[in-house]
Amino acid sequence: MTVRRSWTLAAAAAMALSIAVPFGAAGQTQSTLRVVPETLSRVLDPHFTTSFTTRDLGYLIYDTLFAMNDKFEPQPQMVDRYTVSPDKLTYTFVLRPGLKWHDGQPVTAADCVASIRRWASRDSMGQTMAKFMTSLEATDAGTIKMVLREPYGLVLDSLGKIGAPVPFMMPERIAKTPGSEQVKEIVGSGPYRFRADQHEPGVKIVLEKFTDYKPRSESPSWASGGKIAKMDKVEMLGLPDAQTQVSALINGEVDYLERVPADLLPLFTAKAGAKAEVVSKYGFQAIMRMNHLQPPFDNVKVRQAIAKAIDRTMYAAVVAGDPQFATDCAAIFGCGMPYESKDGIPARDVAGAKALLKEANVDMSKPLVMLHVANAPGIAALGNVTRQVLVDLGFKVDMVSMDFQTFATRRLNTGPVAQGGWNLAHTTNSVPDQGNPLSNPFLVASGPPAAAWGWPTDPKTDELRLKFATAADEASRKAIATEIQVRAYEQVLYLPLSQFTTPSAWRDNLDGVLKSPVMLLYNIEKK
């Protein structure tokens, strides 16, 4: 294998220099955890984007009122205690004493109220919760009061949502920034604070231990429990490709890789000084999203044709680089999840797909614009399979290659192709994010701007989601979730293509790596 030494030699020299710089007491050196995410986001506002890097960065910088454990149970995090009125309409939350922002100011209930409102303007689950609220206020410096117009059984699940956008708390002055704008300051109350003076967008994000953070006493479980900053610094680094990332890890120049492609796993031998392991058993859902605003996918028959034509075994064979890490799961809410169902999933029928296209009288002379994320191997593999599916159906395809950061902006264009718009694209999302009718962003069917990119409109789906939100018990929620899956496939709101896991990798001297559907980097230390 060719090793790209131009980056790694320079990085090794720079890293050796940074490690040698003393701080604090004489002779004391700074411990640093160097992490390489799959892609390094330039957007740092955790309410503004669904970027995994931004989400994972957020778990270091910010904190949440509640957090989800590995049994899908929301646990108090910033909240010390709470009460729910007998009629289930009034929630009162009391904050833990002594919480501080990174600027030294105390965390107040007013900060949290503003943060909840901002997050709810951006998140599908937050938007649903907001529809049930009649008031949200700070009754004193440490108490939040939420009053509902009717019972909504998922208040705690919403405030403890583990996936992006996460309901992170911010100072009120920052949280008052409209959700349509990015915040200009990155100030949280979590175990690490952001070093703006050392930030190199797209290259390096630097965090340092916040000594005034007060972790909970409980053991960590997913995002809940104690968040202990055992390393003095955390650096997130942008490296150009997977081969360079693995080389840097084996050479000891970085400590942790978010994802490792299967074809590079043989490099992790007993002598490599590093190991690879799956840390999220639920993994990710591979996703195709068609643009419901623009032809030809504004026609439900065309979307249904694509749903009939795809062969999920083809996606499962390539999305993770090795079929052993993927399945052809078609469940909207993920396989192995509480709301898994097989209802409504269309059987593969290429002849039927072609008949639907003929019935829809599709103009095949105009190429479909597919946004193709070239620097994320899993997403790129999905596009390559879909292109062949479309060509076999008679379409022409214009695959527009770009990096993920460009994609994150371009996919928001609601205009026609001639004005920079698009027809279809692919992405991935963690299965726990997809696993709930309210948290799954691709099921919001209210059109723009409320719906996620692709912008479907289907009042029946929105009605079913609200019905799910007010269901009296778990059995009722499961039945409604199945109804939602059937409707999602009828309208083809989006297409799950497969479910897969991807190993992470870290140096052998790291201890305390947490198993979670998100990358949690606190509690890690070097032995």
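The rules behind each value
Residues numbered from 1 in each chain as written. Predicted model: local features only at pLDDT ≥ 70, side-chain atom pairs only at ≥ 80, totals over all residues. Heavy atoms only, no water. Helix = DSSP H or I, 4+ residues; strand = E, 2+ residues; numbered from the N terminus. Rg over C-alpha atoms; globule rule 2.2 N^0.38 Å. Contact = heavy atoms within 4.5 Å. Areas by Shrake-Rupley, 256 points an atom, 1.4 Å probe, with all protein chains shown as cover. Lys, Arg positive; Asp, Glu negative; His and termini not counted. Charge placed at Lys NZ, Arg CZ, Asp CG, Glu CD. Phe/Tyr/Trp six-rings, centres within 6.5 Å; stacked < 30°, edge-to-face > 60°. Buried < 20%, exposed > 50% of the residue type's maximum accessible area, 1.4 Å probe, protein only. Pairing = 2+ DSSP bridges. Salt bridge = Lys/Arg side-chain N within 4 Å of Asp/Glu carboxyl O. Polar contact = N/O pair within 3.5 Å; in protein donor to acceptor, adjacent residues only side chain to side chain. 1 Å grid on protein atoms, 1.4 Å probe; cavity = no way out; pocket = protein on both sides within 12 Å on 5 of 7 lines; lining within 4 Å. Points joined across faces, edges and corners; volume = space filled by probe spheres on them. Nonpolar A, V, L, I, M, F, W, Y, C, P; charged D, E, K, R; others polar. pLDDT = per-residue confidence, 0-100. Expected span 1.5 Å × (residues − 1). Axes fitted to C-alpha atoms, helices over the stretch in contact; angles between N-to-C directions. Parallel < 35°, antiparallel > 145°, perpendicular 65-115°, else oblique. Left-handed = near helix turned anticlockwise from the far one by under 90°.

1. Concerning the overall build of the protein
Right, so step 1: In terms of helices and strands, the protein carries 15 helices and 21 strands.
Right, so step 2: Its C-alpha radius of gyration of 23 Å places the protein within 12% of the 24 Å reference for a compact globule of 527 residues.
Right, so step 3: In terms of its C-alpha atoms, the protein occupies a principal-axis envelope of roughly 75 × 65 × 40 Å.
Right, so step 4: Within the protein, residue pairs in contact and separated by at least 24 positions form 73% of the contacts whose partners lie at least 6 positions apart.
Right, so step 5: Carbon and sulfur atoms make up 52% of the accessible area of the protein, which amounts to about 20,500 Å² in all.
Right, so step 6: Charged side chains in the protein number 57 positive and 54 negative. The centres of these two groups are separated by 1 Å.

2. A closer look at the packing of aromatic side chains
The geometry of an aromatic ring pair is captured by two quantities: the separation of the ring centres and the angle between the planes.
Right, so step 1: Per the stated rule, a full pass over the model turns up 21 aromatic pairs.
Right, so step 2: Geometrically, the ring pair formed by Tyr82 and Phe93 is tilted, given 6.3 Å between the ring centres and 35° between the ring planes. Here Tyr82 is found in strand 4 (residues 79-84), whereas its partner Phe93 is found in strand 5 (residues 90-95), with 11 residues between them in sequence.
Right, so step 3: Assessed through its relative accessible area of 0%, Phe93 is described here as buried.
Right, so step 4: With a centroid separation of 5.4 Å and 80° between ring planes, the pair formed by Tyr339 and Phe468 is classed as edge-to-face.

3. Examining the pairing of strand 4
Right, so step 1: Examined bridge by bridge, strand 4 and strand 5 share 5 bridges and lie antiparallel to one another. In the strand pairing of strand 5, Tyr82 is matched with Phe93.
Right, so step 2: With antiparallel pairing between neighbouring strands as the criterion, strand 4 and strand 5 make up a hairpin whose turn holds 5 residues, including Lys88 at a positive phi of roughly 60°.

4. Thoughts on the pattern of salt bridges
Right, so step 1: Inspection of every chain in the model, using the stated rule, returns 28 salt bridges.
Right, so step 2: Taking the shortest distance from any N to any O, the salt bridge between Glu185 and Arg173 comes out at 2.4 Å. Placement of the pair is Glu185 in the loop between helix 6 (172-175) and strand 8 (192-194) and Arg173 in helix 6, with a sequence separation of 12 residues.
Right, so step 3: In this structure, Glu235 engages Lys233 in a salt bridge whose closest nitrogen and oxygen atoms are separated by 3.6 Å.
Right, so step 4: Exposure remark for Lys233: the relative accessible area of 10% places this residue in the buried category.

5. Some points on the environment of Asp392
Right, so step 1: Along the chain, Asp392 falls in helix 11 (residues 377-392).
Right, so step 2: Here the alpha-carbon distance between Asp392 and Lys308, two residues 84 residues apart in the chain, equals 13 Å.
Right, so step 3: At a separation of 2.9 Å, a polar atom in the side chain of Asp392 contacts the side chain of Gln388.

6. Overview of the sheet that holds strand 19 (residues 504-507)
Right, so step 1: Read across the sheet, 7 strands follow the order 8-9-10-1-11-19-12 without closing on themselves; strand pairing throughout is mixed. Only two strands of the sheet have a single partner each, and these edge strands are strand 8 and strand 12 (274-277).
Right, so step 2: Sheet analysis places strand 9 (residues 204-209) next to strand 10 (residues 233-237), joined by 5 bridges and oriented antiparallel. By the bridge assignment for strand 10, Ile205 is matched with Met236.

7. What to know about the environment of Phe194
Right, so step 1: You can see Phe194 is positioned in strand 8.
Right, so step 2: In this structure, the C-alpha to C-alpha distance between Phe194 and Asp458, residues 264 residues apart in sequence, is 41 Å.
Right, so step 3: Excluding residues that lie within four positions of it along the chain, Phe194 makes contacts with Leu44, Ile61, Ile186, His199, Ile205, Val206 and Leu207.

8. Re empty space enclosed by the protein
Right, so step 1: The full count for this structure, using the stated rule, is 2 cavities of 30 Å³ or more.
Right, so step 2: Its volume calculated, the largest cavity comes out at about 140 Å³.
Right, so step 3: Together, 15 residues line the largest cavity, and Glu258, Val279, Ser280, Phe284 and Ser504 are the ones closest to its centre.
Right, so step 4: Partitioning the lining of the largest cavity into residue classes produces 7 nonpolar, 5 polar and 3 charged.
Right, so step 5: Around the second largest cavity sit Asp63, Met78, Leu99, Lys100, Ser189, Phe210, Asp212, Tyr213 and Lys214, which together line it.
Right, so step 6: A per-class count over the lining of the second largest cavity returns 4 nonpolar, 1 polar and 4 charged.

9. Thoughts on the confidence of the model for the protein
Right, so step 1: On average, residues of the protein carry a pLDDT of 93, and 95% of them reach 70 or more.
Right, so step 2: A low-confidence stretch, residues 1-27 (pLDDT under 50), is modelled with 36 contacts involving residues beyond four sequence positions or located in other chains.

10. Looking at helix 3 (residues 109-120)
Two residues of an α-helix separated by three or four positions point the same way, owing to the 3.6 residues in each turn.
Right, so step 1: A rise of 1.5 Å per residue sets the reference length of helix 3, with its 12 residues, at 16 Å; its end C-alpha atoms lie 16 Å apart and thus fit the reference within 8%.
Right, so step 2: Here helix 3 lies mainly inside the structure; 10 of its 12 residues are buried.
Right, so step 3: Along helix 3, the positions that sit buried rather than exposed are Ala109, Asp111, Cys112, Val113, Ala114, Ser115, Ile116, Arg118, Trp119 and Ala120.
Right, so step 4: Buried residues along helix 3 sit against strand 5, helix 4 (124-132), strand 6 (133-140), strand 7 (143-148), helix 5 (155-159) and helix 6.

11. Quick word on the side chain of Gln285
Right, so step 1: Mapped onto the elements of the fold, Gln285 is located in strand 13 (residues 284-290).
Right, so step 2: For Gln285, a relative accessible area of 2% translates into the label buried.
Right, so step 3: Separated by 2.9 Å, the side chains of Gln285 and Gln434 make a polar contact.
Right, so step 4: With residues near it in sequence (within four places) discarded, Gln285 still touches Ala331, Ile332, Gly334, Thr427, Thr428, Asn429, Val431, Gln434, Tyr494, Pro496, Ser498 and Phe500.

12. What about the pairing of strand 9?
Right, so step 1: Two strands pair when backbone bridges link them, and strand 8 and strand 9 are joined in this way by 3 bridges, in the antiparallel orientation. Directly across from Tyr192, in strand 9, lies its bridge partner Lys209.

13. Looking at the packing of helix 14 (residues 459-469) against helix 15 (residues 474-491)
Right, so step 1: Packing of helix 14 against helix 15 brings their axes to within 9 Å, and their N-to-C directions diverge by 165°. As the angle between them shows, helix 14 and helix 15 are arranged roughly antiparallel. The two elements helix 14 and helix 15 cross, and the hand of that crossing is left-handed. Across the interface between the two elements, Lys460, Thr461, Leu464, Arg465, Lys467 and Phe468 of helix 14 pack against Arg477, Ile480, Ala481, Glu483, Ile484 and Arg487 of helix 15.
Right, so step 2: Residues that form the contact of helix 14 with helix 15 fall into these classes: 5 nonpolar, 1 polar and 6 charged.

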